[in-house]
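# Chain and residue survey
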Amino acid sequence: MFKAIVSAETLKTTLDSVSVLVDECKVHLDEDGIEIRAVDPANVGMVDLRLSAEAFESYEADGGVIGVNLSRLEDIAGMADSGQLVELELDEETRKLHIQIDGLEYTLALIDPDSIRQEPDIPDLDLSAEVVIEGKDINRAVKASDMVSDHIALGVDASDELFYVDAEGDTDDVHLELTTEQLIDLQAGDARSLFSLDYLKDMNKAIPADAEVTLELGEEFPLKIKFPIAEGQGSVLFVLAPRIQSD
Amino acid sequence: MGNADLRDLAHLETVPFDELDPGVVAVDAHNWLYRYLTTTVRWTNDDIYTTSDGDEVANLVGIVQGLPKFLEHDLNPVMVFDGGPSELKADEIADRREQREKYESQLEDAREAGDAVEVARLESATQRLTPVIQETSRELLELLDIPFVEAPAEGEAQCAHIAKRGDAEYVGTEDYDALLFGAPTTLRQLTSKGDPERMTLDETLAALDLSLEQLVDVAILCGTDFNEGVHGYGPKTALKKVKAHGDLWAVFEQEDVYVENADLVRELFRNPNVTDEYSFDVDLDPDIEAARAYVVDEWEVDESEVERGFERIEDALTQTGLDRWT
C-alpha cells in the first residue's frame, strides 16, 4: 500500500538526485518515508536518498518496493508547476502508479524491482577531513575546473586549515582555496583525492545553491557529499570513487 | 566438430558484466583476435586498417576496441598465444590435414548459408595469424602493458592450465573445448555486444553426473577438433553409452564402434602440451601515448577508429570503482 501527496518541487529534487547516476531505481516505501539507493553502471558513483514522511503533505505506506523508470517519472513531474501538489497512489493489482496533478491523471507502468541492478552497500570509510561548504561554492569550483580539465583534485591542508580545489589542464590550471572563514565548518586532516569531473558535474546539478553541504575526504579515498533536501525533511548522500593519481 | 554438441552438454548461464567477480582472464588470443578480424572489423572499410604497403592490421583495431570491456569490469586479461602445432605423429598430421580440408568445405557451406557465427568459427580454425598480425599484436599489447603468455602448443589448453593452477579466475574463449581441457570457469562472448556467458566445469559434470575423463570420452564419440565422431552419435547417445559402459574403450567394445586415434585424442585433452614456465603482472602501467602513436602513425590506422577505445582504456585504468571499499 502506498498513497502520498507531495509538492512538485520536493518530487523533482528527489528524482533529480538519483537520475544523475541511474536510469532506473528501486524505491523503498517504508512506513516512515522513502529510501532510494543506487549505484551507476560503472560502479563509480552512488546515491543514498531518504525522504521522511514529514516531507510529504500526506503519506501512507507499509513497506513495499517498486521499480521506477526515472526519466519517465521526471517528465511527469515536469508537468506540474512549482507549488502544485502531486498525488501518488500505487495500484497493487496492476503494479502501476497513478499520478494526479490538478486533474491530470497519468498511469505509470512500473518496472519489476528484481530486474533492476542490485542496491550497493554503503562503503564504510574512515575519512580524515570534513568540510561544510555552501552549495554555490561547490558549483563555482566545478564550473571553473570544467573549463580546463576533465578531472579535479579536492583536498584539505591540515596545517594551513584550508580546503582547496585543483584542476590541471593541458594548458590552463584552476586553483581555489577556501579558509575556515569562508567555510561553514572545517575539521581538518590531511586529505587529497582526484575525481572525475563528469561525475562531479552531474552530482553538482542535484546540489541546491543554498544548501549546507558536508564533504568528507581522505587520501586517495572516495568522497562523500551529504546535503539536506525538502527543508531538512530529507537527505542525500553521494559517494564518488576516486581516480588514481598518476604523478 | 562437436561444437554444438558440447553446448548441449555444458552448464551455461548469461551473467551481466556487473555481476561477474573481478579477476584474471586467461584469453585464448587467437580465438579472441579472430572474432574481431572476422566479425567486427571486417564489416568496416578496409582502408581504415590497411597500410600504404598493403598490410592488413585490423588486429590493432580489434585490440583497442576489445580491451576496454575487460578493464572496465575489473577483469585482467592475460593473452595466451598459440605455439606451434602439437607434436603430432605422421598419421595424425595427415588426419589434421584432412580435418582442415573438411573445415574448408564446411566453411564454404556456411558462407553460402550466410551463417556468420559458423563462418567466424571455421575461419578461425582454418586460418593462421599472419606474421604481421602476430608481431604487431604483441607489440601493441606490450605498449599497453597487457601481459601475454606463449603457449607451447594449443593456446586454449594453456589457458585452462593457467586457470587450473589458480593463476586465473577465468578462461576467455568462444570454444566449448575449454571444458575438455579442464577449465574450471570459462567466459564466452567477451567480444560481442551483450552479456558474457559463464560456463562452469563443476556444474556441468554434476548435472551430467560424469567425471571429466568421461566427458572427454563423450566428446570424442561425438567428434572434436581432432577427430571424427562415431556416425550417428550425438550428445545424447554418446552420454548414454559412456554412462552405461563406463568409458570410451568399453563403449567401443560393447557397441562395436571405433574412433581412429582415440587414444591420442584422449591424451591431447587429458595431458595437453602446456607449460608452467610463465609469469605475468596484472598491475598495468600502459603508455597510452606510445600505443596511440604506434597504431595511428606507424601502422596508419584511422584515428577515429581507435580514439574512443584508447580513452576508455585510460579511464578504466585511472578510475577506481566503489566496490574496492565495500
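Please read all numbers here as calculations on a predicted model, not as lab measurements.

## A short note on the nonpolar core
Of all hydrophobic cores here, the largest spans 83 residues; its most connected members are A:Phe163, A:Ile225, A:Phe227 and A:Phe238. Among the domains, domain 1 (2-115) and domain 2 (129-240) of chain A are the pair contributing at least three residues each to this core.

## Observations concerning the interface of chain A and chain B
Taken together, the contact pairs 22 residues of chain A with 12 residues of chain B. Interface area, chain A with chain B, both sides summed: about 1300 Å², of which 57% is carbon and sulfur. Three residues, A:Asn43, A:Arg243 and A:Ile244, lead the burial of chain A against chain B; their summed loss comes to 37% of the area buried on that side. On the surface where chain A and chain B come into contact, there are 1 salt bridge. Of the charged contacts, one joins B:Asp315 and A:Arg243 as a salt bridge, the two residues approaching to 3.6 Å between their closest N and O atoms. Where chain A touches chain B, the interface holds 6 residue pairs in polar contact (both at pLDDT 80 or more). Counting residues per element, the ones that place at least two in the side of chain A that touches chain B are strand S4 (45-52) and strand S18 (234-240) of chain A. Considering only residue class, the side of chain A that touches chain B consists of 14 nonpolar, 3 polar and 5 charged.

## Topic: the sheet that holds strand S6 (residues 185-188) of chain B
Residues and elements named next belong to chain B. Ordered by their spatial adjacency, 7 strands build an open sheet running S1-S7-S6-S5-S2-S3-S4, and the pairing between neighbours is mixed. The outermost strands of the open sheet, each flanked by one partner alone, are strand S1 (12-14) and strand S4 (148-150). Recorded for the sheet is a direction-independent mean angle of 30° between the axes of neighbouring strands. Examined bridge by bridge, strand S5 (residues 170-172) and S6 share 2 bridges and lie parallel to one another. Bridge pairing links valine 171 to threonine 186 in S6.

## Quick word on the pairing of strand S11 (residues 151-157) of chain A
Residues and elements named next belong to chain A. The buried fraction of S11 is high, at 5 of 7 residues. Both S11 and strand S15 (residues 191-196) contribute to a ladder of 6 bridges, which runs antiparallel. Paired with valine 156 across the two strands is alanine 191, which belongs to S15. Relative to strand S12 (residues 162-168), S11 is paired through 5 bridges, and the arrangement is antiparallel. Looking at S12, one finds that glycine 155 is bridged to tyrosine 164.

About the criteria used
- Residues numbered from 1 in each chain as written.
- Chains lettered and ligands numbered in written order.
- Predicted model: local features only at pLDDT ≥ 70, side-chain atom pairs only at ≥ 80, totals over all residues.
- Heavy atoms only, no water.
- Core = buried A, V, L, I, M, F, W, Y, C linked by side-chain atoms within 4.5 Å.
- Buried < 20%, exposed > 50% of the residue type's maximum accessible area, 1.4 Å probe, protein only.
- Domains from an automatic or database assignment.
- Contact = heavy atoms within 4.5 Å.
- Buried area = accessible area lost by both parts, 1.4 Å probe.
- Salt bridge = Lys/Arg side-chain N within 4 Å of Asp/Glu carboxyl O.
- Polar contact = N/O pair within 3.5 Å; in protein donor to acceptor, adjacent residues only side chain to side chain.
- Helix = DSSP H or I, 4+ residues; strand = E, 2+ residues; numbered from the N terminus.
- Nonpolar A, V, L, I, M, F, W, Y, C, P; charged D, E, K, R; others polar.
- Pairing = 2+ DSSP bridges.
- Axes fitted to C-alpha atoms, helices over the stretch in contact; angles between N-to-C directions.

Shape is all these values report; function is a separate question.
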